[in-house]
Amino acid sequence: MKSFLPKDPGDARRWVVVDADGKILGRLAVRLANMLRGKDKPVFSRQVDTGDFVVVINAAKVKLSGAKEQNKTYRRYSGYRSGLKSMSVPMVRERHPDRLIRMAVKGMLPNNKLSLGMLTRLKVYAGADHPHAAQKPQELKIS
């Protein structure tokens, strides 16, 4: 009996629009990461990227559970002395509201060569408008 190995869908990937207004960040990021990986399809395979394009709108209105809105900080280190930069959630939300979702999804993708391609298929916009209407994306309700 032969084993089935799915092919890379290439141009046949579907486009999905998700509205992040009022959604909890962690729960939303799990669903988005699974759609980018293709885990919601019956042909899922770890070594083949079968995921879809995901467009997230209203990223500025996403919620954080608990006291994370006040206590959580995002840090990055340049490698130099005194190169540790720290930003709180309100500061990130004010300057780059799309990065909250992008960083949460990036942390939930696997650390391999496929994850960079998966992350490039994630399109995050702070408002309700997006330039991907020509691809005819399907709206997905996430509860």
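First, a word on what this report is: a plain description of the structure on this page.

Rules used in this analysis
Residues numbered from 1 in each chain as written. Predicted model: local features only at pLDDT ≥ 70, side-chain atom pairs only at ≥ 80, totals over all residues. Heavy atoms only, no water. Phe/Tyr/Trp six-rings, centres within 6.5 Å; stacked < 30°, edge-to-face > 60°. Lys NZ or Arg CZ within 6 Å of the ring centre and 35° of its normal. Helix = DSSP H or I, 4+ residues; strand = E, 2+ residues; numbered from the N terminus. Buried < 20%, exposed > 50% of the residue type's maximum accessible area, 1.4 Å probe, protein only. Pairing = 2+ DSSP bridges. Axes fitted to C-alpha atoms, helices over the stretch in contact; angles between N-to-C directions. Contact = heavy atoms within 4.5 Å. Expected span 1.5 Å × (residues − 1).

With respect to the packing of aromatic side chains
Working step 1: For the structure shown, the criterion picks out one aromatic pair.
Working step 2: The positively charged end of Lys 72 is found above the aromatic ring belonging to Tyr 74, 5.1 Å away from the centroid.

Details of unusual backbone geometry
Working step 1: Positioned with a positive phi, Asn 58 is a non-glycine residue whose angle comes to about 60°.
Working step 2: In this fold, Asn 58 is placed in the loop between strand E2 (53-57) and helix H2 (68-71).
Working step 3: Residue classification places Asn 58 among the buried positions, given a relative accessible area of 8%.
Working step 4: In the Ramachandran plot, Lys 136 falls in the positive-phi region, its phi being about 55° despite a non-glycine side chain.
Working step 5: Within the fold, Lys 136 resides in the loop between strand E5 (122-124) and strand E6 (138-140).

Brief notes about the sheet that holds E2
For sheets, the rule is that strands pair by backbone hydrogen bonds, running either parallel or antiparallel.
Working step 1: If you trace the four strands from one edge of the open sheet to the other, you get E5-E2-E1-E6, paired in parallel fashion. One side of each edge strand has no neighbouring strand; the edge strands of this open sheet are E5 and E6. Ignoring which end each strand starts from, the neighbouring axes of this sheet average 25° apart.
Working step 2: Of the strand pairs in this sheet, E2 and E5 are connected by three bridges, and their pairing is parallel. Residue Val 54 lies in a different strand from E5, and its bridge partner there is Leu 122.
Working step 3: Sheet strands in contact with helix H4 (residues 98-108) are E2 and E5, and its direction is about 155° off that of E5.

Structural notes on helix H1 (residues 25-37)
Working step 1: With 13 residues, H1 ought to run about 18 Å at 1.5 Å a step, and its terminal C-alpha atoms sit 18 Å apart, in line with that.
Working step 2: Looking only at H1, the buried set comprises Leu 25, Leu 28, Ala 29, Leu 32, Ala 33, Met 35, Leu 36 and Arg 37.
Working step 3: Directly after H1, the chain includes Gly 38, whose backbone phi takes a positive value near 95°.

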